[in-house]
Amino acid sequence: MKTPFLSYLPKKRIESVLGGCALLLCLEATAANFLVTTTLDTGPGSLRQIMTQANAAPGSHQITFGVTGVITLVSGLPPVDVNLTVAGPGITNLTIAGSGTNTGSVFTFNSNSVSTLSGLTIGSGSSSNNGGGVVNFGNLTISQSLIASNNAAFNGGGIYNAG
């Protein structure tokens, strides 16, 4: 008969192990799903507002879209600091676009993020630095997406990956 793993640990160590598990469960419970409900650049239900909310909450989050068309950005979206999945309705259904010269990268993912982009067209991003469409310093997966017509002054007109 095998002795359970926890029976080998002193009582204080067991409490520490269980306390760590409780903390892990608490963080997992904070994961949220966000829904973009407008193609406007700012305001309630906008992608910009939703990304700001996701960045403010611990955990892994998912953003989906209840809209189709074009979201035209006045400036780059807030940099992503959390684990985030952005799941669009398909490349022919939704475009996230910059609005002109040197308005900034459309998406920026910081080094602490593990993220996914899918089902989106990302276009017309323009950066005076690197990555007109996407700048990645983290762990990013892009699938079923079109990244086109972006430009950058230095590296990666469409995607600059340093992650």
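**Some words on the sheet that holds strand S12 (residues 146-148)**
Here is step 1: The strand order across the open sheet formed by four strands is S3-S5-S8-S12, and the pairing between neighbours is parallel. Here the strands that pair on one side only, and so sit at the sheet edges, are strand S3 (69-72) and S12. Looking at each pair of strands side by side, their axes are set apart by 20° on average, direction ignored.
Here is step 2: Sheet analysis places strand S5 (residues 94-97) next to strand S8 (residues 121-123), joined by three bridges and oriented parallel. The residue of S8 that forms the bridge with Ile 96 is Ile 122.

**A short note on unusual backbone geometry**
Here is step 1: One non-glycine residue, Ser 124, lies in the positive phi region at around 60°.
Here is step 2: Here Ser 124 lies in the loop between S8 and strand S9 (126-127).
Here is step 3: Notably, Ser 149 is not glycine yet its phi reads approximately 60°, a positive angle.
Here is step 4: Within the secondary structure layout, Ser 149 lies in the loop between S12 and strand S13 (151-152).
Here is step 5: By relative accessible area, Ser 149 is classed as exposed at 63%.

**Observations regarding the packing of aromatic side chains**
Here is step 1: Inspection of every chain in the model, using the stated rule, returns two aromatic pairs.
Here is step 2: Seen in terms of ring centroids, Phe 137 and Tyr 160 are 6.3 Å apart; in terms of plane orientation they differ by 70°. Their pairing is edge-to-face. Of this pair, Phe 137 sits in the loop between strand S10 (134-136) and strand S11 (139-143) while Tyr 160 sits in strand S14 (residues 159-161), and the two are 23 residues apart along the sequence.
Here is step 3: The exposure class of Phe 137 is partly exposed, given its relative accessible area of 39%.

**Thoughts on the nonpolar core**
Here is step 1: Core analysis: the biggest nonpolar cluster contains 26 residues, and Leu 47, Ile 63, Phe 65, Ile 96, Phe 107, Leu 117 and Leu 120 have the highest contact counts within it.
Here is step 2: Contributions of two or more residues to this core are made by strand S1 (32-36), helix H2 (47-56), strand S2 (60-65), strand S4 (83-87), S5 and strand S6 (107-109).
Here is step 3: Per-element accounting of this core gives the leading share, four residues, to H2.
Here is step 4: Contact partners of Leu 117, with chain neighbours within four places excluded, come to Val 86, Phe 107, Phe 109, Ile 122, Val 134, Leu 140, Thr 141, Ile 142, Ser 143 and Ser 145.

**Comments concerning the side chain of Arg 48**
Here is step 1: With respect to the helices and strands, the residue Arg 48 is situated in helix H2.
Here is step 2: Within polar-contact distance, the side chain of Arg 48 engages the backbone oxygen of Ser 75 at 2.7 Å.
Here is step 3: Of note is the side chain of Arg 48, whose polar atom sits 2.9 Å from the backbone oxygen of Gly 76.
Here is step 4: Beyond its immediate sequence surroundings of up to four residues, Arg 48 is in contact with Asp 41, Thr 42, Leu 73, Val 74, Ser 75, Gly 76, Leu 77 and Pro 78.

**Some words on the pattern of salt bridges**
Here is step 1: One pass over the structure, following the stated rule, counts one salt bridge.
Here is step 2: Arg 48 serves as the salt-bridge partner of Asp 41, at 2.8 Å between the closest nitrogen and oxygen. Side by side, Asp 41 and Arg 48 carry an identical accessibility label, which is buried.

**Things to note about the pairing of strand S7 (residues 114-118)**
Here is step 1: With three bridges connecting them, S4 and S7 associate as parallel partners. If you follow Thr 85 over to S7, its bridge partner there is Thr 116.
Here is step 2: Here five bridges tie S7 to S11, and the two strands are oriented parallel to one another. The partner of Val 114 across the bridge, within S11, is Asn 139.

Reading guide: rules and limits
Each chain carries its own residue numbering, running from 1 in the direction its sequence is written. With pLDDT at 70 or above as the cut-off, local features in this predicted model cover only qualifying residues; side-chain atom pairs require 80 or more to be listed or tallied, and sums for whole chains, interfaces and linings still use all residues. As a convention, hydrogens and water are excluded, and side-chain values are obtained from all of the structure's heavy atoms. In this description, strands pair whenever DSSP reports at least two bridges between them. Numbering of helices and strands starts at the N terminus; helices are DSSP runs of H or I of at least 4 residues and strands are runs of E of at least 2. Interaxial angles span 0 to 180 degrees and are taken between N-to-C directions of axes, which are lines fitted to C-alpha atoms, for helices over the stretch in contact. Here the term buried applies to any residue with accessible area under 20% of the maximum for its type, exposed to any over 50%, and partly exposed to those in between, with areas from a 1.4 Å probe on protein chains only. Ring pairs shown here join Phe, Tyr and Trp side chains whose ring centres sit within 6.5 Å, with only the six-membered ring taken for Trp; geometry is labelled stacked below 30 degrees between planes, edge-to-face above 60, and tilted in between. For this analysis, a nonpolar core means a set of buried residues of the types Ala, Val, Leu, Ile, Met, Phe, Trp, Tyr and Cys, connected via side-chain atoms within 4.5 Å. We call two residues in contact whenever any of their non-hydrogen atoms come within 4.5 Å of each other. Counted as a polar contact is a pair of N or O atoms within 3.5 Å, where, for protein atoms, one must be capable of donating a hydrogen and the other of accepting one, and residues adjacent in sequence contribute only when both atoms are in side chains. Salt bridges are defined as contacts in which a side-chain nitrogen from Lys or Arg sits within 4 Å of a carboxyl oxygen from Asp or Glu.

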